Amino acid sequence: MHASSNHMMEPPYFQGLNSGQRTAVETTEGPVLVLAGAGTGKTRVLTTRLAHIIQTGRAFPGQILSVTFTNKAAQEMRERVGQLLGQSVDGMWLGTFHSLAARMLRRCADRVGLEGNFTILDPDDQVRLMKQIMQEQNLDTKKYAPKVVMGRIDRLKDQGLVPDDVTMDQVGDFMGGSLLSLYRIYQSRLKAVNACDFGDLLLHMITVFKNPQHAEILEDYHRRFKYILVDEYQDTNVAQYLWLRLLAQGSKNICCVGDDDQSIYGWRGAEVGNILRFEKDFPDAKVIRLEENYRSTNTILSAANAIIANNESRLGKTLFSSAGEGEKITVRGLWDGEAEARWIGEEVEQLQRRGRSLSDISVLVRAGFQTREFEERFIQLGVPYRVIGGPRFYERMEVRDALAYFRVMAQPRDDLALERIINTPKRGVGNATLLQLHEHARAHGMSLYEAIKDLTQTDHLKPKMKSTLMEFIDHFELWRDQLDKQHHVDLAQRILEESGYLEMWKTDKSAEAPGRVENLKELVSSMGEFESFAEFLEHIALVMENQNNTQGEQVTIMTLHGAKGLEFPVVFLPGWEEGLFPSQRSMDETGLQGLEEERRLAYVGITRAREALYISFAARRRMYGSYIDCIPSRFVDELPEEYVLSETELGLYQPGRSQHWDTSGYDLHAQKPDVSPADRFRTPASRGEGYTTNKRSQKSNFAAFIRGDRVTHDAFGEGLVVHVDGNKLDIQFDDGTHKRIMANFVDKL
DNA sequence: GTACTCTCAGTTTTT
DNA sequence: CTGAGAGTAC
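Being a predicted model, the structure only gives us computed values, none of them experimental.

Counting its regular elements, chain A contains 27 helices and 23 strands. Classification of the 749 residues of chain A by burial places 54% in the buried group. For chain A, the proportion of contacts with a sequence separation of at least 24, taken over those separated by at least 6, is 75%.

Dropping the structure here:
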């Protein structure tokens, strides 16, 4: 080890750090908690700190455990550390909680009854497995959606609870208490197929770490990791926290940075309480607060401060900036979602004309489905865009199928993968055969793959089926044999060809088939970046980033959650309507807590903007095919009037005039504004396609006004009785039937 | 066993 | 409106 840094020249990477940031970087011994607001340079502190530790010789790269929130963030951090040190750095344990835990678990899988080549199930597989189990248990999968049940179990895992730890208290009376037994069965089934799910990666490691019989494993990591760095600490859940704490007990050199106001993953088990607990677990922890924002104008910060001030549960801080006042925030009410997309499209084009790069602009939405409207509009306008987080590459059917082939080859016990492709392309293996295979497998305690091998040796199958399955298995045996002999890219190509899967899409005449062939090609070529098949599959299971070919300038469209940690000079925040944002479901499920998390999400959205911010809402929005009427989000009212420039189409909204459920100043009877056809269907000349207007017979939409507890209506027709029950409307029809709907989601009757 | 039609539930947010 | 799953006709 080198001598202390005192004698060294001040490293150039300290330049530009303020005193608070610098203190946070230099405080390298003992536990440190950096509580800092948006745009105060939290990640920069971590990055510099990482470089500093290496530079001063306190630890080698391999002795630092650095946890970030996304693999992309990890990648960026790796690059930046390399820049700061003037050389690329290898061997760092730098990644997400899950990727790091997976790396550990691969080395000690036997301690939890797995083999080192275990498969990591994706959420889709999880749900399918749960469904199978529920059906075997004769549970009604209609009454209890496997997805919901699986969600519950995931939540238990987030809390670091293995089945034995779960008390009836934690399960509640959900499903009459059978949740726990489902959890047990699910876990044993995972082991039977040598697989685990996302939650298990951490959970298994915690189990190993806590088991005195395997003490040497934790001790080894204690010796290894001299420093631990954690970004976005406010979003850690209990399992992640336990994992960290166990590891940090070694050196106690743990540094976490976080912002309680940006905690937006409560629904995934994240606990802001982890921040408070930090000082209890590490009584000598240094706490450093950073409040100076280097990102946004004061106007934007004031709006963010004003909004978040409405939350009761927060540690409390007020950001300030010396970046000047900046432009006012534009708030705009529009007729419907299409008009909103049209307006944003116009603004984007105008910004572009004024010399603004499209890469400076982002559209941040509450929920994934909202991206479609903007995509459609941007395509019409010819504005290049990219959607981050949408249906990802790896989630596409053809990619998942191809991966299933690879998985079965690498790990024959992977029943779920095998089931996916046993009849894709069609081989005449249907439900009946599959059932027979399942029965045989279960009766003999073997995997489906083994069951097939077994049954093809007997005469229990029809001759045709027998030869089909034999051929199927033979292929896999052959490929597996080539695993070490052939380059993995070639092998992958070969598998796709010999299996007939590629051929299936090549001969498919549907419109999307060529795209699928293209994606498969891309999948195979992307494997070239990896050393081996095993490494590639590991990457797929964990990283699963969508391959963005980011050539040229593009507007970025993504969810607010996806925008965490990012910043853009110009930010559009559409869809600020009650029920959508804040999300009705969030409020229904967790009440005030949910609302406050939504508000933090608004805070995150606003603070992504450096210079200009646009917020909009629509009077009606299409959902499930028909229109529903909307009222502006309460968050709109929480924006400070003096910083807002309000433009109104339709005279819909005047700032400060509308209160939560008070729609005065919001005229829901306004007529749809005239939009010239030329404008509505404008297109880049190069495309020259025809358009369908997408007009369809609309049921007469009606507007429901909700003022206090009174509901009036103008299009319900005769003989309807409406009751208000909480935030639901109970509508009774003249034929005696009735329907309950959300107050602000009054629609299709 | 497959291909077609019909019904019905569903849209938060993610590693 | 879409997509999954169930049901029906070959």
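Text resumes after the structure shown.
Here we come to helix α18 (residues 431–443). For α18, with 13 residues, the first-to-last C-alpha span of 18 Å sits near the 18 Å given by 1.5 Å per residue. Every buried residue belonging to α18 is among Thr433, Leu434, Leu437, His438, His440 and Ala441, and all of these are buried. The buried side chains of α18 occupy one side of the element, clustering within an arc of 165° when seen end-on. Structural note: α18 exposes Asn431, Ala432, Leu435, Glu439, Arg442 and Ala443 on the side pointing more than 90 degrees away from its buried face. Phi turns positive one or two residues past the end of α18, at Gly445, with a value near 60°.

This paragraph deals with the pairing of strand β3 (residues 93–96). Looking at chain direction, strand β2 (residues 64–68) and β3 are connected through 4 bridges and run parallel. Of the residues in β3, the one forming a bridge with Val67 is Gly95.

Most of strand β14 (residues 555–559) sits inside the fold, with 4 of its 5 residues counted as buried. The pairing of strand β12 (residues 361–365) with β14 spans 4 bridges and is classified as parallel. Looking across to β14, one finds that Val365 is bridged to Thr559. Pairing between strand β13 (residues 385–387) and β14: 3 bridges, direction parallel. Bridge pairing in β14 places Val387 opposite Ile557.

With that settled, the discussion passes to the protein's contact with DNA strand B. Around DNA strand B sit 26 residues in total, of which His98, Arg366, Gly368, Phe369 and Arg585 are the nearest. Here a base oxygen of DNA strand B and a side-chain polar atom of His98 are 3.2 Å apart. In the model, a phosphate oxygen of DNA strand B is placed 3.0 Å from a nitrogen or oxygen of the Thr559 side chain. Those elements that place two or more of their residues in the surface near DNA strand B are α18 and α25 (584–606). When residues of the surface near DNA strand B are assigned to their parent elements, the largest contribution, 3 residues, is made by α25. Taken together, the residues that form the surface near DNA strand B break down as 8 nonpolar, 11 polar and 7 charged.

Spatially, β3-β2-β6-β7-β1-β8 is the arrangement adopted by the 6 strands of the open sheet, whose pairing is parallel. In the strand order of this sheet, the two ends are held by β3 and β8 (286–290), each with one partner. Averaged over all pairs of adjacent strands, the angle between their axes in this sheet comes to 15°, without regard to strand direction. Here strand β1 (residues 32–36) pairs with strand β7 (residues 254–258) via 4 bridges, running parallel.

This paragraph deals with the pattern of salt bridges. It is possible for side chains of opposite charge to pair when their charged atoms get near one another. What the rule picks out here adds up to 36 salt bridges. Asp110 is the salt-bridge partner of Arg111, the closest N and O atoms lying 3.6 Å from each other. Residue classification places Arg111 among the partly exposed positions, given a relative accessible area of 31%. For Arg622, the salt bridge is made with Glu338, and the minimal N-O distance between the two is 3.6 Å. Placement of the pair is Arg622 in strand β16 (residues 609–623) and Glu338 in helix α14 (residues 337–353), with a sequence separation of 284 residues. Owing to a relative accessible area of 26%, Arg622 belongs among the partly exposed residues under this scheme. By sharing partners, the salt bridges in this structure join Glu340, Glu373, Glu577 and Arg621 into a single network.

Turning our attention to the packing of aromatic side chains. In the structure shown here, the tally under the stated rule is 23 aromatic pairs. Summarising the aromatic geometry, the rings of Tyr221 and Phe225 are spaced 5.8 Å apart at their centres and angled 5° between planes, so their arrangement reads as stacked. No difference in accessibility class separates Tyr221 from Phe225, as the two residues are buried. On the basis of an interplanar angle of 80° and a centroid distance of 5.0 Å, the ring pair of Phe476 and Trp479 is categorised as edge-to-face. Remark: Trp479 and Phe476 occur in helix α20 (residues 463–482); sequence separation between them is 3 residues, near one turn of the helix. Here Phe476 matches Trp479 in class, with each residue buried. Clustering of aromatic rings is evident, with ring pairs tying together Tyr405, Tyr449, Phe472, Phe476, Trp479 and Tyr501.

Right, let's talk about the state of the cysteines for a bit. Inspection of the entire model under this criterion finds 0 disulfides. Cys196 takes part in no disulfide bond, and the closest cysteine sulfur to it belongs to Cys108, at a distance of 11 Å. Not engaged in a disulfide, the cysteine Cys255 finds its nearest cysteine sulfur in Cys256; these two sulfurs lie 6.7 Å apart.

The next subject is helix α10 (residues 215–224). Taken residue by residue, α10 has Ile217, Leu218 and Tyr221 as its buried positions. Angular distribution of buried residues about the axis of α10 spans 95°; they occupy a single face of the element.

Taken N-terminus to C-terminus, the directions of helix α11 (residues 238–248) and helix α12 (residues 273–281) make an angle of 25°; their axes are 12 Å apart at the nearest point. Classed by the angle they form, the pair α11 and α12 counts as roughly parallel. With respect to the hand of their crossing, α11 and α12 are arranged in right-handed fashion. Residue-level contacts link Val238, Tyr241 and Arg245 of α11 to Asn274, Arg277 and Asp281 of α12. In terms of residue class, the contact of α11 with α12 is built from 2 nonpolar, 1 polar and 3 charged.

Cut-off values and rules
- Residues numbered from 1 in each chain as written.
- Chains lettered and ligands numbered in written order.
- Predicted model: local features only at pLDDT ≥ 70, side-chain atom pairs only at ≥ 80, totals over all residues.
- Heavy atoms only, no water.
- Helix = DSSP H or I, 4+ residues; strand = E, 2+ residues; numbered from the N terminus.
- Buried < 20%, exposed > 50% of the residue type's maximum accessible area, 1.4 Å probe, protein only.
- Contact = heavy atoms within 4.5 Å.
- Expected span 1.5 Å × (residues − 1).
- Arc of directions from axis to C-beta.
- Pairing = 2+ DSSP bridges.
- Near = heavy atom within 4 Å.
- Polar contact = N/O pair within 3.5 Å; in protein donor to acceptor, adjacent residues only side chain to side chain.
- Nonpolar A, V, L, I, M, F, W, Y, C, P; charged D, E, K, R; others polar.
- Axes fitted to C-alpha atoms, helices over the stretch in contact; angles between N-to-C directions.
- Salt bridge = Lys/Arg side-chain N within 4 Å of Asp/Glu carboxyl O.
- Phe/Tyr/Trp six-rings, centres within 6.5 Å; stacked < 30°, edge-to-face > 60°.
- Disulfide = S-S within 2.5 Å.
- Parallel < 35°, antiparallel > 145°, perpendicular 65-115°, else oblique.
- Left-handed = near helix turned anticlockwise from the far one by under 90°.

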